Amino acid sequence: MAVPSLRLEVELLVKGRSDLGEVAPEIKASERRTAVAIGDLEWRDMDADDCEFCCGNGTNEAQDSDFPAVERSRLQEMLSLLGLETYQAQKLSLPDSLQISSESMKNWAPQAPKDLPWNFLRKLQALNAEARNTTMVLDVPPDARPAEKESQMEEEIIYWDAADDISADIYSFSELPTPDTPVNPLDLLCALLLSSDSFLQQEIVQKMSLCQFALPLVLPDSENHYHTFLLWALRGVVRTWWAQPPRGVGSLREDSAVLSRAPAFAFVRMEVSSNSKSQLLNAVLSAGHRPRDCFWHRDLNVGTNPREIADGLVEVSWFLPSGREDLDVFPEPMAFLNLRGDIGSHWLQFKLLTEVSSAVFILTDNISKKEYKLLSSMKGSATKYYFILSPYRGKRNTNLRFLNRLIPVLKMDHSHVLVKVSSTDSVGFVRRVRSIVAHVARSPCRRLSVEEMAHAARRLGLRVDEDCEECQRAKDRMERITRKIKDSDAYRRDELRLQGEPWRKAAQVEKELCQAQWAGDPPDKGRAELRHRLLELRAQQNGHEPTWGVQEFVAGISGPSLGEKQYFLRWMEWGLARVAPPRPRQPPETIVTLRAKHCGVVDLSELLWPEPLGVEDFLREMAQFYEAESCLVEAGRLPAGQRRFAHFPGLALELLLLGLPLELIDGSTLSTPLRWVTGLLKELHIRLERRSRLVVLSVLGVPGTGKSTLLNTMFGLRFATGQGCGPRGAFMQLVTVAESFSPDLGCDHILVIDSGGLIGGALATAGERFELEASLATLLMGLSNVTVVSLAETRDVPPAILHAFLRLEKTGHMPNYQFVYQNLHDVCAPGPRPRDRRQLPDLPGDASRAAAQMEKQGGGIRTLADLAFCDPEKQHVWHIPGLWHGVPPMAAVSLGYSEAIFELKRCLLENIRNGLSNQNKNIQQLIELVRRL
């Protein structure tokens with residue numbers, strides 16, 4: 001028992017002292033030897049987030065031999081503490097993290113270490129800026145609480161100050177929880193990434209990038225004696241910045257974070273440093289007085305315990321200019337790398353940083369002979385080196401002696417040595433570091449993409465996550481397909497032959513035939529002629545063979561390996577995005593500025609970019625092969641035994657279950673491929689078997705009002721976001737409800753529908769366009785148990801949606817409605833609390849008048865407020881704060897936005913549980929409803 005007592009005593013002493021040099025002498029040499037024999041004692045300077053040194057006998061050999069065994073024990077202990085040991089053989093997957101459970105309705109704080117991974121994932125999904133907070137609300141038995149502090153513990157949180165009397169019985173004290181959380185946030189991140197599969201890792205990194213957290217680049221894993229370069233995990237991160245050429249007009253540029261080149265600057269620690277790298281990096285990246293907390297450090301007060309398994313982690317963050325001189329500290333994108341731990345213990349990571357960086361900043365208090373020898377081996381490197389010193393008293397001459405020797409070796413001069421002590425002006429020091437970074441970037445220097453950094457990692461023997469066989473086979477197939485795509489429009493015309501004009505003609509005939517059938521007129525020659533035309537068009541489609549590209553796509557999603565299918569889908573998404581024709585993007589305009597320009601209601605569909613080529617184009621082609629074949633079989637023109645494409649809906653369903661949004665309404669023709677959709681739902685019914693109870697939740701609104709972002713934040717979905725960045729059709733995704741929560745919620749799955757760019761805001765006087773939008777809005781709302789209407793302004797109710805309300809009121813099908821007003825133009829303006837209920841204003845004018853007249857509603861003009869608020873339980877108007885806290889692209893998602901979305905999600909789930917929505921459907925009922933609508 002002496003050793004645990006010693007370790008705790010040392011940690012308490014370190015916490016209570018600001019000068020590490022004064023703590024070490026207080027520990028007896030015999031006690032040090034005892035601790036080293038166990039290999040489990042580290043002293044850490046708690047004044048800096050990454051300042052530490054290992055206590056040993058002074059020989060590298062002894063430390064190196066003990067290191068793997070110690071780390072193996074620590075990793076296993078950490079995984080066990082967090083409840084992640086069961087996910088080492090079968091990794092945690094993305095569907096595991098997205099299930100709706102009873103916890104999805106609670107804004108709860110973790111009470112035990114095993115809650116921390118799930119709390120982190122849940123908050124990260126909601127883009128909550130406090131996701132890294134590992135503070136726990138500890139449930140402490142009353143008899144274990146100190147009597148003198150009873151009054152301070154009403155919230156069951158124990159407070160203890162390191163300055164308290166440490167002469168108390170250590171054993172009794174150690175049995176009580178302390179406010180220091182048992183897990184450092186970086187340890188939590190590493191443990192979670194080591195327990196996750198490739199696709200959950202990618203999702204975690206993407207969400208972290210939206211929160212403006214520093215991203216993991218090299219993941220340490222001493223348990224298996226290798227470190228992983230996270231190229232695949234970073235592959236999905238997209239960066240947007242203002243590109244200003246030396247001459248000409250600047251524009252917004254968007255590119256993958258792993259493909260764009262930028263100068264990189266590494267910050268590392270050598271032995272002990274009194275200065276915090278992370279705080280310095282945050283200050284360098286920050287404009288103005290408010291620091292950006294990209295890199296975690298101890299002063300964030302979200303988990304202050306020493307790191308146990310995160311040493312060796314390399315993080316990356318980017319500075320991205322916005323085009324505003326008052327905010328841009330650098331004129332071009334810059335990458336900043338941060339190695340956690342001492343370079344002497346993580347020489348491989350340090351070697352990588354020296355090979356990929358334009359400059360390396362080394363923070364240290366003293367340069368020893370050992371570090372001098374290590375740095376001398378870097379002779380001939382093209383990287384520039386800078387030292388940031390905070391020397392202890394008595395070591396000044398030693399530092400100068402070694403620096404003078406290093407200057408010719410590392411090709412430095414005296415300007416490459418910066419000294420920062422407690423009396424140094426922090427603002428001026430940060431300004432000086434920035435000027436060095438800018439100077440290096442202006443001069444000829446190394447500029448690498450993350451993909452090119454991975455090449456260096458491979459040469460050094462690091463594992464690259466993207467090098468697995470499944471990923472590489474999927475990538476090769478994607479490249480074979482995309483290599484033949486030179487022009488998107490030409491590819492659609494020549495290779496996706498069943499779409500375009502053939503599908504438009506067939507869709508138009510089907511619409512006319514449907515309208516004639518529902519009109520109730522007796523069969524006549526006109527309807528027979530329509531059926532004949534439809535069969536002729538479908539026969540023409542069925543006469544085509546799938547092109548080589550479509551066959552390769554079908555082969556890619558037909559393989560037996562689930563992982564390879566997922567890899568192939570992701571590669572196809574990125575590959576098709578790269579072959580799309582480049583489009584210069586001007587500064588984004590909000591709905592407000594567009595409306596001011598056009599003096600009234602704007603049809604935003606007219607302002608969207610042409611739809612880029614995407615995975616949905618290949619799925620549309622599969623849908624048309626299935627539609628044409630099914631139509632001919634139904635008419636008796638084709639024997640059922642000769643069907644070739646009957647398995648296509650099953651293949652598409654696999655993609656839906658893997659998290660890919662599938663098209664419900666075709667964006668190219670604005671019509672529903674009925675046979676294809678019903679085929680998908682039948683396959684879903686077969687697959688889900690007994691768990692087929694559904695709630696349908698739809699979101700409607702004009703493009704640019706944040707619909708897709710809202711759904712992605714609420715449920716962790718993957719709907720395309722950004723004006724002009726995604727397809728125009730309505731897409732659906734499936735959210736699974738945990739079996740334990742299904743009886744309480746009353747459903748097994750939630751089918752989420754995003755209206756995409758279907759509702760463009762056309763005026764009622766626009767004739768056919770308005771009627772089409774109104775019909776599509778009626779279809780989506782008629783299928784739904786719950787409908788969320790996303791508004792840019794409180795008066796910005798699209799006329800087509802108002803028209804759909806009037807239609808549905810006559811049918812008696814009135815789902816639960818939530819009206820969401822999203823603040824798009826003033827990101828910092830505080831708004832009403834999201835729970836506030838507001839009365840929607842009356843909507844006088846042409847829109848409501850024309851809509852009422854089209855439905856032959858008498859008794860004056862009907863307003864949306866008249867319809868939606870007849871039931872007090874359905875009166876919800878939500879004010880959602882602006883998405884960004886600050887100015888993009890360096891802005892993080894605002895905490896107010898994240899919290900408001902959580903409240904909205906909780907309200908929707910409560911309404912579903914309490915039966916305020918329409919009666920839940922099974923899949924068979926949904927199929928029939930699709931046919932009728």
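Along each chain, numbering runs from 1 in the same order as the chain's sequence is written. Given that the model is predicted, a residue must reach a pLDDT of at least 70 before its local features are reported, and side-chain atom pairs must reach 80 or more before they are shown or counted; all residues, however, enter totals for whole chains, interfaces and linings. As a convention, hydrogens and water are excluded, and side-chain values are obtained from all of the structure's heavy atoms.

Named according to an unreviewed UniProt entry, the protein is Up-regulator of cell proliferation originating from Nyctereutes procyonoides. UniProt positions are given in the numbering used here, feature names are shortened, and annotations may be inferred rather than shown by experiment. In UniProt, the protein has this text filed under Sequence similarities (unreviewed entry): "Belongs to the TRAFAC class dynamin-like GTPase superfamily. Very large inducible GTPase (VLIG) family."

Asks: Report on the overall build of the protein, specifying residues and quantitative values.
Replies: The secondary structure content of the protein amounts to 34 helices and 23 strands. Residue-level accessible areas treat just the shown protein chains as cover; the underlying method is Shrake-Rupley with a 1.4 Å probe. Carbon and sulfur atoms provide 51% of the accessible area of the protein, an area that totals close to 39600 Å². Strands here mean DSSP runs of E at least two residues long; helices mean DSSP runs of H or I at least four residues long; both are numbered from the N terminus.

Asks: Can you explain the packing of helix 11 (residues 277–285) against helix 15 (residues 426–442)? Please cite residues and give values.
Replies: Note on geometry: axes are C-alpha line fits, over the in-contact stretch for helices, and angles between N-to-C directions span 0 to 180 degrees. Closest axis-to-axis distance for the helix 11/helix 15 pair is 9 Å, and the angle between their directions is 75°. Considering their axes alone, helix 11 and helix 15 lie roughly perpendicular with respect to each other. On helix 15, the residues that touch Leu280, Ala283 and Val284 of helix 11 are Phe429, Val430, Val433 and Arg434. Residue polarity is assigned by list, with Asp, Glu, Lys and Arg as charged and Ala, Val, Leu, Ile, Met, Phe, Trp, Tyr, Cys and Pro as nonpolar; anything else, Gly included, falls into the polar class. Its residues assigned to classes, the contact of helix 11 with helix 15 comprises six nonpolar, no polar and one charged. Throughout this description, any angle smaller than 35 degrees is read as roughly parallel, any larger than 145 degrees as roughly antiparallel, any in the 65 to 115 degree range as roughly perpendicular, and the remainder as oblique. Residue contacts follow a heavy-atom distance rule, with two residues in contact if any of their heavy atoms lie within 4.5 Å.

Asks: Residue-level account of the environment of Ile912, with values.
Replies: Mapped onto the fold, Ile912 is located in helix 33 (residues 895–913). Ile912 sits in the buried class, given a relative accessible area of 4%. Type-normalised accessible area, obtained with a 1.4 Å probe on protein chains alone, sets the label of each residue: buried when under 20%, exposed when over 50%, and partly exposed for intermediate values.

Asks: Lay out helix 33 in plain terms, naming residues and giving numbers.
Replies: Compared with an ideal rise of 1.5 Å per residue, which puts 19 residues at 27 Å, helix 33 spans 27 Å between its outermost C-alpha atoms and is within 8% of the ideal. Where burial is concerned, most of helix 33 is hidden: 14 out of the 19 residues are buried. Where helix 33 ends, the next residue or the one after it, Gly915, has phi of about 75°, a positive value. Any helix carries an expected span of 1.5 Å times its number of residues minus one.

Asks: Residues and numbers for the nonpolar core, please.
Replies: The nonpolar core is taken to be a set of buried Ala, Val, Leu, Ile, Met, Phe, Trp, Tyr and Cys residues, with the residues joined through side-chain atoms within 4.5 Å. Residues Phe229, Phe336 and Phe387 are the most contacted members of the largest nonpolar core, which totals 151 residues. Among the nonpolar cores identified, the runner-up in size contains 83 residues, and Ile485, Leu684, Phe819 and Ile923 belong to it.

Asks: So what's going on with unusual backbone geometry? Residues and values would help.
Replies: Cis rather than trans, the peptide bond between Pro888 and Pro889 has omega equal to 10°. You can see Pro889 is positioned in the loop between strand 21 (884–885) and strand 22 (892–893). One non-glycine residue, Glu689, lies in positive phi territory at about 50°. Within the secondary structure, Glu689 sits in the loop between helix 26 (674–688) and strand 15 (693–700).

Asks: So what about the pattern of salt bridges? Which residues, and what values?
Replies: Throughout this description, the term salt bridge denotes a Lys or Arg side-chain nitrogen within 4 Å of a carboxyl oxygen of Asp or Glu. Within the structure shown, the criterion is met by 41 salt bridges. The shortest N-O distance in the salt bridge between Arg691 and Asp748 comes to 3.7 Å. Linking Arg691 in the loop between helix 26 and strand 15 with Asp748 in the loop between helix 28 (742–745) and strand 17 (749–754), this pair joins segments that are 57 residues apart in sequence. Among the salt bridges present, the one from Glu910 reaches Arg913, with a minimum N-O distance of 3.0 Å. With Glu910 and Arg913 both in helix 33, this residue pair falls three residues apart, about one helical turn. For Glu910, a relative accessible area of 26% corresponds to the partly exposed category. Within this structure, Asp489, Arg492, Asp617, Arg620, Glu663 and Asp666 form a network of salt bridges that share partners.

Asks: Hey, could you go over the pairing of strand 9 (residues 334–342) for me, with residue numbers and the actual values?
Replies: With nine of its nine residues buried, strand 9 lies for the most part within the structure. Sheet topology places strand 7 (residues 264–269) next to strand 9; five bridges connect them, and they run parallel. Among the inter-strand pairings, Phe267 is bridged to a residue of strand 9, identified as Asn338. Relative to strand 9, strand 8 (residues 314–319) runs antiparallel, the two being bridged by six bridges. By the bridge assignment for strand 9, Trp318 is matched with Ala335. Here the rule is simple: two strands pair whenever DSSP picks up at least two bridges between them.

Asks: Outline the packing of helix 6 (residues 116–125) against helix 8 (residues 185–194), supporting the account with residue identities and numerical values.
Replies: At a minimum axis distance of 10 Å, the contact between helix 6 and helix 8 shows a crossing angle of 90°. In terms of orientation, helix 6 lies roughly perpendicular with respect to helix 8. On helix 8, the residues that touch Leu116, Pro117, Phe120 and Leu121 of helix 6 are Leu188, Leu189 and Leu192. Per-class residue counts for the contact of helix 6 with helix 8 are seven nonpolar, no polar and no charged.

Asks: Give a detailed account of the side chain of Arg620, specifying residues and quantitative values.
Replies: Within the element layout of this structure, Arg620 appears in helix 24 (residues 615–634). Counted as a polar contact is a pair of N or O atoms within 3.5 Å, where, for protein atoms, one must be capable of donating a hydrogen and the other of accepting one, and residues adjacent in sequence contribute only when both atoms are in side chains. Only 2.7 Å separates the side chain of Arg620 from the side chain of Glu663, close enough to count as a polar contact.

Asks: A description of helix 34 (residues 923–932) should follow, citing residues and the corresponding values.
Replies: Listing the buried residues of helix 34 in full gives Ile923, Leu926, Ile927, Leu929 and Val930. One side of helix 34 holds all its buried residues, which, seen down the axis, span an arc of 165°. Contact partners of the buried residues in helix 34: helix 26, strand 15, strand 17, helix 29 (768–783) and strand 23 (921–922). The residue sitting at the N-terminus of helix 34 and contributing the capping side-chain oxygen is Asn922; that oxygen lies 3.1 Å from the backbone nitrogen of Gln924. Note that the arc is computed from the directions linking the helix axis to the C-beta atoms.

Asks: I'd like to hear about a positive patch on the surface, residue by residue, with values.
Replies: Like-charged residues are merged into a patch within 9 Å and nonpolar side chains (Val, Leu, Ile, Met, Phe, Trp, Tyr) within 5 Å, provided each residue has over 30% relative accessible area and no salt bridge. Neither His nor the chain ends is counted toward charge; the positive residues are Lys and Arg and the negative residues Asp and Glu. Charge positions are represented by NZ for Lys, CZ for Arg, CG for Asp and CD for Glu. The grouping of Lys369, Lys373, Arg401 and Arg405 at the surface amounts to a positive patch. Among the structural elements, Arg405 can be located in helix 14 (residues 396–409). On the accessibility criterion, Arg405 (41% relative accessible area) is partly exposed.

Asks: Give me the packing of aromatic side chains: which residues, what numbers.
Replies: What describes a pair of aromatic rings is the distance from one ring centre to the other and the angle between the planes of the rings. Think of it this way: a Phe, Tyr or Trp ring, Trp meaning its six-membered ring, pairs with another when their centres are within 6.5 Å, and the plane angle makes it stacked under 30 degrees, edge-to-face over 60, tilted otherwise. All chains considered together, the criterion is met by 22 aromatic pairs. Between Phe625 and Phe645, the ring centres sit 4.9 Å apart and the planes meet at 45°, which makes this aromatic pair tilted. With Phe625 in helix 24 and Phe645 in the loop between helix 24 and helix 25 (648–657), this pair connects stretches of sequence that are 20 residues apart. One exposure class covers both Phe625 and Phe645, and it is buried. Three or more aromatic residues joined by ring pairs form one cluster here, namely Phe199, Trp232, Tyr567, Trp571 and Trp574. Only when the NZ atom of a Lys or the CZ atom of an Arg is both within 6 Å of the ring centre and within 35 degrees of the ring normal do we say a charge sits over the ring. Stacked on the ring of Phe402, the Lys or Arg Arg401 has its end atom at 5.3 Å from the ring centre.

Asks: Pulling in residues and values, what's your account of the sheet that holds strand 9?
Replies: Here we have nine strands laid out as an open sheet, ordered 12-11-10-7-9-8-3-4-13, and mixed in their pairing. Each having just a single partner strand, strand 12 (417–419) and strand 13 (463–464) make up the two edges of the open sheet. Direction of pairing for strand 3 (residues 215–219) relative to strand 4 (residues 228–229): antiparallel, over a ladder of two bridges. Residue Val218 lies in a different strand from strand 4, and its bridge partner there is Phe229. Against the sheet, helix 8 touches strand 3, strand 8 and strand 9, its axis set at about 65° to strand 3. Contacts between helix 15 and the sheet are confined to strand 7, strand 9, strand 10 (359–364), strand 11 (384–389) and strand 12, with strand 12 contributing the most and set at about 165° to the helix.

Asks: Explain the side chain of Arg235 to me, using residue names and the numbers behind them.
Replies: By secondary structure assignment, the location of Arg235 is in helix 10 (residues 231–235). Within the structure, the side chain of Arg235 is placed 2.6 Å from the side chain of Glu466, a separation counted as a polar contact.

Asks: Explain the confidence of the model for the protein to me, using residue names and the numbers behind them.
Replies: On average, residues of the protein carry a pLDDT of 78, and 74% of them reach 70 or more. Scored from 0 to 100, pLDDT reflects the predictor's confidence in each residue. Per-element mean pLDDT across the protein ranges from 32 in helix 3 (residues 29–38) up to 98 in strand 3. Across residues 582–609 the pLDDT falls below 50, and counting only partners more than four positions away or on other chains, this stretch makes 59 contacts in the model.

Asks: Residues and numbers for the environment of Trp241, please.
Replies: Here Trp241 shows up in strand 5 (residues 238–243). Owing to a relative accessible area of 6%, Trp241 belongs among the buried residues under this scheme. Along the chain, Trp241 and Pro889 lie 648 residues apart, while their C-alpha atoms are 6.1 Å from each other. What Trp241 contacts, discounting residues up to four positions off in sequence, is Ser251, Leu252, Arg253, Asp255, Ser260, Leu320, Pro321, Pro333 and Pro889.

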